[in-house]
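Breakdown of the fold
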Amino acid sequence: MHHKNIGWIGLGNMGFPMAKNLENAGFPLSVFNRTPSKSEPFTDLSEVYISAVELVKNCDIIFTMVSNDAAIIDLYEDIFHLEDISGKIFIDMSTISKDLTLTIAQKIQEKQARFMDAPVAGSTVPAKEGTLIIMAGGEEKDLQEVLPYLNKLGKAVKHVGPVGSGISAKLAINYFLSIIYQGLAETVLFAEKSGIKTEDMLEIINESACGSGATKVKTPLLLQQDYPPAFALDFMLKDLNLAKKEGVNTPMNTVLLETYQKAHDAGLGKQDVISIINYLKQ
Ligand code: NA7
């Protein structure tokens, strides 16, 4: 049987551990990252490309995991110049706008290739552990072809509908997460003002019905008051803006957008999302 050549574009905080999981699973992997130094740990087992287009030429299945719309536009502009990409499957795991997802999918299909959106829930720890939740949009038969790879990246792969549906599901879950993080930060601050120690309050929250994976994962950061980005605050701001673009005009979304935007303006954008507490504290 012909071994599929797997390409991975984007080796950031999420893309790097995800691509490593594919490499560790023994799949023939080709990698590309705009900043070449991030590809260095791959040189032994995988093929490293210095051009995304060259990688695409040599791969059957191409994953992308990059920041945002601008990054995807940059990459696909070049890919669309390739004469023959027929039969290839492109899977975008980034969280970008639904509009752009549909536009790219259409252009890819016009070139007789296939496209899926498969964004993920879970940040860097689940990415490393291969326990992400993957929300896939696209054709069932295409999903079946890429499932062996997705299964190495996540503990659950959910086919949620046609192309673009993965993005919709992802924006919905991140909307919920942004509520949890703002709620957690405000609750800890409220308790602190009333003389309750942060560590005590976090223990109470985590043992209670309010405790969740989301509150537990942010607990050490809140205790250390140090916020290295497992999920950068700017990405949450991006996703809330994308939700608004999708017509989410709830009272909550207005408040959330204001909080995350002001936290960004206060210089917290590159920190972990739970650093909104530093803005809310002021
Ligand atoms: P990171 O750690 O900020 O990594 C972003 C990646 O995207 C990184 O590989 C970047 O390359 C790449 N990137 C950014 N802009 C471009 C352009 N214009 N062209 C090519 N490549 C680009 O993000 P995460 O891994 O945490 O998150 C990725 C997605 O998952 C995001 O949509 C989140 O919302 C969810 P660089 O290394 O900077 O050269």
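The preceding data block contains the structure.
Source: prediction; values computed, not measured. (Residues numbered from 1 in each chain as written. Predicted model: local features only at pLDDT ≥ 70, side-chain atom pairs only at ≥ 80, totals over all residues. Heavy atoms only, no water.)

1. Brief notes about the packing of aromatic side chains
Here is the rule we go by: Only centres within 6.5 Å qualify two rings of Phe, Tyr or Trp (six-membered ring in Trp) as a pair; their planes then separate them into stacked at under 30 degrees, edge-to-face at over 60, and tilted for everything else. Only DSSP runs of H or I covering at least 4 residues are called helices, and only runs of E covering at least 2 are called strands; the numbering of each starts at the N terminus. Any Lys NZ or Arg CZ found within 6 Å of a ring centre and within 35 degrees of that ring's normal is scored as a charge over the ring.
Across all of its chains, the model carries eight aromatic pairs by this definition. Relative to Phe-63, the ring of Trp-8 has its centre 5.1 Å away and its plane inclined at 20°; by these criteria the two rings are stacked. Taken together, the positions of Trp-8 in strand β1 (residues 6–9) and Phe-63 in strand β4 (residues 61–64) put the pair 55 residues apart, joining distant regions of the chain. Plain terms: the ring middles of Phe-63 and Tyr-149 are 6.5 Å apart, the flat faces sit at 75° to each other, and that makes the pair edge-to-face. Residue Phe-63 is located in strand β4, and its partner Tyr-149 is located in helix α6 (residues 140–153); the two are separated by 86 residues in the primary sequence. Within the aromatic cluster, the residues linked to one another by ring pairs are Trp-8, Phe-27, Phe-63 and Tyr-149. If you follow Lys-20 out to its NZ or CZ, it ends over the ring of Phe-42, 4.5 Å from the centre.

2. Notes on helix α8 (residues 198–207)
Put simply, the rule reads: The classification of residues rests on relative accessible area computed with a 1.4 Å probe and restricted to protein chains. Under 20% of the type maximum is buried, over 50% is exposed, and intermediate values are partly exposed. Taken from the helix axis, the directions to the C-beta atoms give the arc we talk about. Contacts are assigned to residue pairs that have any heavy atoms within 4.5 Å of one another.
If you check which residues of α8 are buried, you get Thr-198, Met-201, Leu-202, Ile-205 and Asn-206. Axial view of α8: buried residues confined to an arc of 130°, hence all on one face. Exposed and oriented more than 90 degrees from the buried face of α8 are Glu-203 and Glu-207. Those residues of α8 that are buried lie in contact with α7 (165–193) and α9 (213–224).

3. Section: the side chain of Ser-165
Its place among the elements puts Ser-165 in helix α7. In this structure Ser-165 comes out as buried when scored by relative accessible area, which is 15%. Apart from residues lying up to four places away in sequence, Ser-165 is in contact with Asp-117, Gly-137 and Val-160.

4. What to know about the side chain of Lys-170
As a reminder, the rule being used: Residues scored as positive are Lys and Arg, those scored as negative are Asp and Glu, and His as well as the terminal groups of each chain are ignored. Each salt bridge in this description consists of a side-chain nitrogen of Lys or Arg and a carboxyl oxygen of Asp or Glu lying within 4 Å of one another.
If you trace the backbone, Lys-170 turns up in helix α7. One buried charge, Lys-170, has no salt-bridge partner; the nearest side chain with opposite charge is Asp-239, at 4.5 Å. When near neighbours in sequence (up to four residues on either side) are disregarded, Lys-170 contacts Thr-95, Pro-119, Val-120, Met-135 and Asp-239.

5. Some thoughts on the packing of α7 against α8
Note the cut-off: Inter-axis angles, ranging from 0 to 180 degrees, are taken between N-to-C directions of lines fitted to C-alpha atoms, where helices are fitted over the stretch in contact. Throughout, the term roughly parallel applies to angles under 35 degrees, roughly antiparallel to angles over 145, roughly perpendicular to angles from 65 to 115, and oblique to all others. Handedness of a crossing follows from how the near helix is turned relative to the far one, being left-handed for an anticlockwise turn of less than a right angle and right-handed for a clockwise one. When residue character is reported, Ala, Val, Leu, Ile, Met, Phe, Trp, Tyr, Cys and Pro are called nonpolar, Asp, Glu, Lys and Arg charged, and the others, Gly included, polar.
The interhelical angle for the contact between α7 and α8, taken along N-to-C directions, is 130°, at an axis separation of 9 Å. Considering the angle they form, α7 stands oblique to α8. Once α7 is placed against α8, the crossing between them reads as right-handed. Counted together, Leu-184, Thr-187, Val-188, Ala-191 and Glu-192 of α7 and Thr-198, Met-201, Leu-202 and Ile-205 of α8 form the full contact between these two elements. Along the lines of polarity and charge, the residues of the contact of α7 with α8 split into six nonpolar, two polar and one charged.

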